[in-house]
Structure formats: C-alpha cells, structure tokens
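Overview (structure and organization)
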Amino acid sequence: MRKIVLGIFFSLIAICSFAEDSPIQNYKYRHGHYGAIEFTIDDGTHTKKKTFNRIEDVYKETDGWAYIKGYGKIHYWLYDTYTNADGQGGGLYNLILPEWVEEMGYAIDYDQIRKIWTDQDTPSSVKSLMKQRGCDVAAALITSDTSYPYGKPPYLVIHNYDRDKDSYLTYIFPLY
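Residues numbered from 1 in each chain as written. Predicted model: local features only at pLDDT ≥ 70, side-chain atom pairs only at ≥ 80, totals over all residues. Heavy atoms only, no water.

Moving on to the environment of Asn84. Locating Asn84 in the fold gives a position in helix H3 (residues 82-85). Put simply, Asn84 and Lys60 are 24 residues apart on the chain and 8.3 Å apart in space, counted from C-alpha to C-alpha. Setting aside anything within four residues of it in sequence, one finds Asn84 in contact with Ile41, Lys50, Phe52, Asp57, Val58 and Lys60. (Helix = DSSP H or I, 4+ residues; strand = E, 2+ residues; numbered from the N terminus. Contact = heavy atoms within 4.5 Å.)

Given below as structure tokens:
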C-alpha cells in the first residue's frame, strides 16, 4: 500500500513539474489582475475603451495540439482577438506571451525578431486547429530539436490570421 501511495505522489509531482502555465494566467497572477479591467482598443483612427470582468475575457484563450508532418505534434495556445478586442493582438505579442517565456527562464533576442507577412508556410494543421477553435492567433514555445519550419530552437512562434486580408502573419522570437 505504501508503494502505491508513493508511486501516486511522485507521479503527481512529475505531472505538475512538466505542466505549462497558461500565458494569460501567468500574466494575470504576475500583475495582480483580479476583477474588472479596462482595455483600450486603438485601430489607428479611433480609440475605444472596454471594461471586462476578467483579463481572460479580453482574449479568449484555449489550447490544442497540431501534428506537423516532419516535425511531430506541437502544443499551441490559441486566442480569439476579434470577438472582444476587434482583432487587436498587440497585448498578446508585446506583453503577455513575451513575459510568459521570460518567466520560464528564457531571454528574448529582440534584435532578431522576425515577421513573415503573408506566411505561405503556416502549417495547414495549425490553420485547421485555429479554425476549429474559432481563434485567429496560435502561439507555441518550440524547445525541442525539431526545426519546425522556422529555424533552430528555442523560439516562440506566433501565427496570426488577418481576417481582412485573408492571410497569415508569423512572428518568430528567438530565445536563449
């Protein structure tokens, strides 16, 4: 009986050690965003302020897995920026996701961030996952030996679907 209890205990420790915190939950706890928050949306010509009960309501966050031939299965954090933020994902790209990877001990090489406009190489399985979940942003932390078509890891890759242009934009944040 004692061996079973110890086995369960150590199994739970192993699972918790490898569990990845949600980027939005990490940001929420780090900055103390409990309760209502005010979010400003600037589309270049107009500025609107919206109030949300929770930070999680600004960008609807979910996660999922996509299999990419030649690279394996990759875990993605998915976001809907159109429902509540009018497609404005700057809070994700500039604050939430970078802080999330830095909190895990990585440093971002801000001088080497790449943006690929109308990315033809966005994997079809990622596009399908985004469509299935009703999301326009998919972010993955690539740390394994796979080169996941954008180069040598580690890096943070963010795929963004622009509804107006019907195209994908990809951000690649090199990590050290």
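Quick look at the packing of aromatic side chains now. Evaluated as defined, the whole model comprises two aromatic pairs. Pairing Tyr93 with Tyr171 gives two aromatic rings, centres 4.7 Å apart and planes at 35 degrees, and the pair type is tilted. Note that Tyr93 is positioned in helix H4 (residues 90-103) and Tyr171 in strand S8 (residues 167-174), a separation of 78 residues in sequence. Given the relative accessible area of 9%, Tyr93 is considered buried. (Phe/Tyr/Trp six-rings, centres within 6.5 Å; stacked < 30°, edge-to-face > 60°. Buried < 20%, exposed > 50% of the residue type's maximum accessible area, 1.4 Å probe, protein only.)

Below, the discussion takes up the sheet that holds strand S7 (residues 155-162). One open sheet holds the six strands; their spatial order is S3-S4-S6-S7-S8-S5, and the pairing between them is antiparallel. Both outer strands of the open sheet, strand S3 (60-68) and strand S5 (114-116), are each paired with one neighbouring strand and no more. Within the sheet, the average angular offset between the axes of one strand and its neighbour, ignoring direction, is 20 degrees. Sheet analysis places S5 next to S8, joined by three bridges and oriented antiparallel. When the bridges of S8 are listed, Lys115 appears paired with Tyr171. On the sheet, helix H5 (residues 124-133) packs against S3, strand S4 (72-80), strand S6 (137-142), S7 and S8 and is oriented at approximately 150 degrees with respect to S3. (Pairing = 2+ DSSP bridges. Axes fitted to C-alpha atoms, helices over the stretch in contact; angles between N-to-C directions.)

Function cannot be inferred from these measures alone, as they are strictly geometric.
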